[in-house]
Amino acid sequence: MTARSGSPGGAPTNSIGFPTGSADSLTGSAGSPGDDDRPPPVRPAYAPQTWREIGYLLLNLPYVLMGFVYAVCTTALGAALSVTVIGVPLLVLGLAGARGLGRAERARARALLGVRIDEPSPLNGRKRGHRPQGLLNRLWTGLKDPVAWRTVLFSFMRLPWGAVTFAVTLVGLLVFWPVLPYVARALANADRAMVRGLLSPSDELERRIAELESDRGVVVDTAAADLRRIERDLHDGAQARLVALAMGLGLAKEKLLEDPEAAAGMVDEAHGEVKLALQELRDLARGIHPAVLTDRGLDAALSAVASRCTVPVVVNVDLPERPAEAIEGIAYFTVSELLQNVSKHSAARAASVDVWRTDDRLLIQVRDDGRGGARPAGGTGMAGLAERLGAVDGLFVCDSPPGGPTVVTAELPWRRRPGA
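Residues numbered from 1 in each chain as written. Predicted model: local features only at pLDDT ≥ 70, side-chain atom pairs only at ≥ 80, totals over all residues. Heavy atoms only, no water.

Caption draft 1: Inspection of the packing of helix 2 (residues 48-80) against helix 5 (residues 146-174) at higher detail. One can describe the packing of helix 2 onto helix 5 by two numbers: an axis separation of 7 Å at closest approach and a directional angle of 145 degrees. The interaxial crossing formed by helix 2 with helix 5 has left-handed handedness. Taken together, the residues of the contact of helix 2 with helix 5 sort by class into 19 nonpolar, seven polar and one charged. (Axes fitted to C-alpha atoms, helices over the stretch in contact; angles between N-to-C directions. Helix = DSSP H or I, 4+ residues; strand = E, 2+ residues; numbered from the N terminus. Left-handed = near helix turned anticlockwise from the far one by under 90°. Nonpolar A, V, L, I, M, F, W, Y, C, P; charged D, E, K, R; others polar.)

Structural data, given as structure tokens:
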């Protein structure tokens, strides 16, 4: 009996019993031998991040040896010579160099471990724009530098750990390489914790320092801008009118005997110029600090601002006492700017201003029923308000969906008025 090679339907089959037509349809080729048995693409054994972690662990030993030798030599030599004149300066120089070691370690961790750590703030004597310190102050500042001392501690602690991680990683590459990625990840996580714990700045303190430096810059820039605005308003407004007034009175004096009627007309014009100059000076003084705010407080001052708004405004001020003059002034100008935005941009029919105190915060809320869509970055002056409030630890929140209503909330620290 002869055995036939073929499929149940009579189709030809290959040597392992599969129809040749099915192989062709799956591969889309002519069905050459071995096409359906080709292996998957060749890929590296470890992911790129694993190789970076392995490289970091292998570099631990040379880095920690260099750091340990540097820390031992500088601290020991500085301590031994501290009884002499050069001991303390030498120790301060060593600590300054330790800062450089810490910077290099953070860069290595950033490049190989992906650890994002902010650089510490520079010493006080090196800050831009800071008044230069004397020699003793600079030495004392460098001697008590916490960032440098934490780097020295990091260098001491890392010597045994660097030797262990180097040995384990090297042996793993040669012996137990299938599980090395898991071991390298565990060791690298321990390194990440050490770097974050000892080489990162104090998060809260550094954040606060950065905020204060930024706020100081905002205050200085704002004060300079206000001075330029006052100078410009005086030069282009009241000063120009007063110059014209002086010239007009001089001409009137010359014509007083020759043409009394013309002189009288010129005096009338000068009188009108005096009134306009006085009005401009009053407006300028109100822009610097309104008299009603000084004399009667926020309630009366905000009511006066609301009366000049083109939209009906309801003012409700509920304060047990008057805050400090600086906080009161910031609150006044904040509401004034927001009501100007309501008049110019909101197309509202009504608005309200509420001012009250909660614990140690002064809260301001300005609401209108306009078209909404207001944004701090929209060119309505809100970005400047947010910066000014932030300069005194205040907050600025704008909720203005399209179609309205718009609710702007400002928060200021409460400071008691001296003598209250």
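Alright, that's what it looks like, and here's the rest.
Caption draft 2: Focus on helix 5. The first and last C-alpha atoms of helix 5 sit 41 Å apart over 29 residues, in line with the 42 Å expected at 1.5 Å per residue. If you look at helix 5, its biggest bend is around 45 degrees, right at R158, and the proline P160 turns up within four residues after that. Along helix 5, the positions that sit buried rather than exposed are V147, A148, T151, V152, F154, S155, R158, G162, T165, T169 and G172. Packed against the buried residues of helix 5 are helix 2, helix 3 (87-112) and helix 6 (180-199). (Expected span 1.5 Å × (residues − 1). Bend = angle between axes of the 7 residues up to and from the residue. Buried < 20%, exposed > 50% of the residue type's maximum accessible area, 1.4 Å probe, protein only. Contact = heavy atoms within 4.5 Å.)

Caption draft 3: Representation of the side chain of T334. Relative to the elements of secondary structure, T334 occurs in helix 11 (residues 325-346). Accessibility expressed as a relative area gives 2% for T334, which makes it buried. When neighbours within four sequence positions are excluded, T334 is seen to be in contact with L385, L389 and A410.

Caption draft 4: Representation of the sheet that holds strand 1 (residues 313-318) within the structure. The five strands are arranged 1-2-3-5-4 in an open sheet whose pairing can be described as mixed. Two strands in the sheet have a free side with no partner beyond their single neighbour: strand 1 and strand 4 (395-399). Pairs of neighbouring strands in the sheet enclose a mean axial angle of 10 degrees, with direction left out of account. Note: strand 4 against strand 5 (residues 406-413), five bridges, orientation antiparallel. The residue of strand 5 that forms the bridge with F396 is A410. Each of strand 1 and strand 2 (351-358) touches helix 10 (residues 298-307); the most contacted strand, strand 1, lies at about 170 degrees to it. (Pairing = 2+ DSSP bridges.)

Caption draft 5: Molecular detail of the packing of aromatic side chains. Per the stated rule, a full pass over the model turns up two aromatic pairs. A centroid spacing of 5.7 Å and a plane angle of 90 degrees characterise the contact between F68 and F156, whose relative ring orientation is edge-to-face. With F68 in helix 2 and F156 in helix 5, this residue pair connects regions lying 88 residues apart in the sequence. In this structure F68 comes out as partly exposed when scored by relative accessible area, which is 25%. Judged by its relative accessible area of 35%, F156 falls in the partly exposed class. Both rings, one in Y332 and one in F333, keep their centres 5.1 Å apart while their planes meet at 80 degrees; by these two values the pair is edge-to-face. In this structure Y332 comes out as buried when scored by relative accessible area, which is 4%. The class of F333 is partly exposed, set by a relative accessible area of 27%. The ring of Y56 carries R108 above its face, with NZ or CZ at 3.9 Å from the centroid. (Phe/Tyr/Trp six-rings, centres within 6.5 Å; stacked < 30°, edge-to-face > 60°. Lys NZ or Arg CZ within 6 Å of the ring centre and 35° of its normal.)

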